[in-house]
Amino acid sequence: MKRILLLACAVVVFIGCQRPATNTTSLMPEGIAFLSREDWGAKAPVLPMRAHRLTRLTLHHTATTQLPDRSLEDKLRALQKFSQEDSPLADGRMKPAWADIPYHLYVDVHGAVGEGRDIHYAGDSNTSYDPAGHLLVVVEGNFEEEELTPAQMKTLERLVPALTKRYSIPADSIAAHKDFAQTSCPGTRLYNEIPRLQQLVAKQRTP
Ligand SMILES: [Zn+2]
């Protein structure tokens, strides 16, 4: 009997190891509109990617003007095209082709979320920090100049606690791109929301 039990445990462990990666859709809190890669017609990554273990959540802005009339599908397809090619940056430098969208999740102006790069692989950056271990969430807008929409705030208030809980990311490991690299990203207005998001996460963890 003992041997059978041991064998059963071994089978469970084996199946556990073979289980496919977490489906990002299952990470979404109820009520948040979500577009999976399949939904927006993502292309496959064009280069190999680095598997990583998530230890922090890092916020970015797109640094582009919010476009309420353009569909999220369209924005994600354009961002993937830009990402997967050698493309010029706003400051005149060229970026090399990346495997895929550099961020894992995209929060659009209406608060809907789009799936970017597979969450199990490290992102990419134009700046000098290593994004391995960072769950990268980008929010649509230029938050040096624009405000977050109420819908974006509402989504962040639910999405950030859900993601940090799922990956056991501590509240003080929620940060901004500019905490790691020479950049103004994610803009002052989004940066100023981070302490509140940290408090929200800390409060939800308190029994
Ligand atoms: Zn950034």
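Read on for an overview of the structure. Source: prediction; values computed, not measured.

1. Thoughts on the environment of P195
Checked against the element boundaries, P195 lands in helix α6 (residues 194-205). The exposure class of P195 is partly exposed, given its relative accessible area of 41%. P195 sits 23 residues away from D172 along the chain, and the two C-alpha atoms are 8.9 Å apart.

2. Some details on the pairing of strand β7 (residues 134-139)
With six of six residues buried, β7 lies mostly within the body of the structure. Here β7 shows no split at all, with H134, L136 and V138 on one side and L135, V137 and V139 on the other all buried. Relative to β7, strand β2 (residues 56-61) runs parallel, the two sharing six bridges. The partner of L57 across the bridge, within β7, is L135. Bridge count between strand β5 (residues 105-107) and β7: three bridges; the pairing is parallel. Each bridged residue has a counterpart across the sheet, and for L105 the counterpart in β7 is V137.

3. Things to note about the layout of surface pockets
Roughly 900 Å³ of internal volume is contained in the largest pocket. Around the largest pocket, the lining is made up of 35 residues, and of these H61, T62, A63, Y103 and N126 lie nearest the centre. Elements supplying a minimum of two residues to the lining of the largest pocket: β2 and α3 (72-84). Among the elements that make up the lining of the largest pocket, the one with the highest residue count is α3 (five residues).

The rules we used
Residues numbered from 1 in each chain as written. Predicted model: local features only at pLDDT ≥ 70, side-chain atom pairs only at ≥ 80, totals over all residues. Heavy atoms only, no water. Helix = DSSP H or I, 4+ residues; strand = E, 2+ residues; numbered from the N terminus. Buried < 20%, exposed > 50% of the residue type's maximum accessible area, 1.4 Å probe, protein only. Pairing = 2+ DSSP bridges. 1 Å grid on protein atoms, 1.4 Å probe; cavity = no way out; pocket = protein on both sides within 12 Å on 5 of 7 lines; lining within 4 Å. Points joined across faces, edges and corners; volume = space filled by probe spheres on them.

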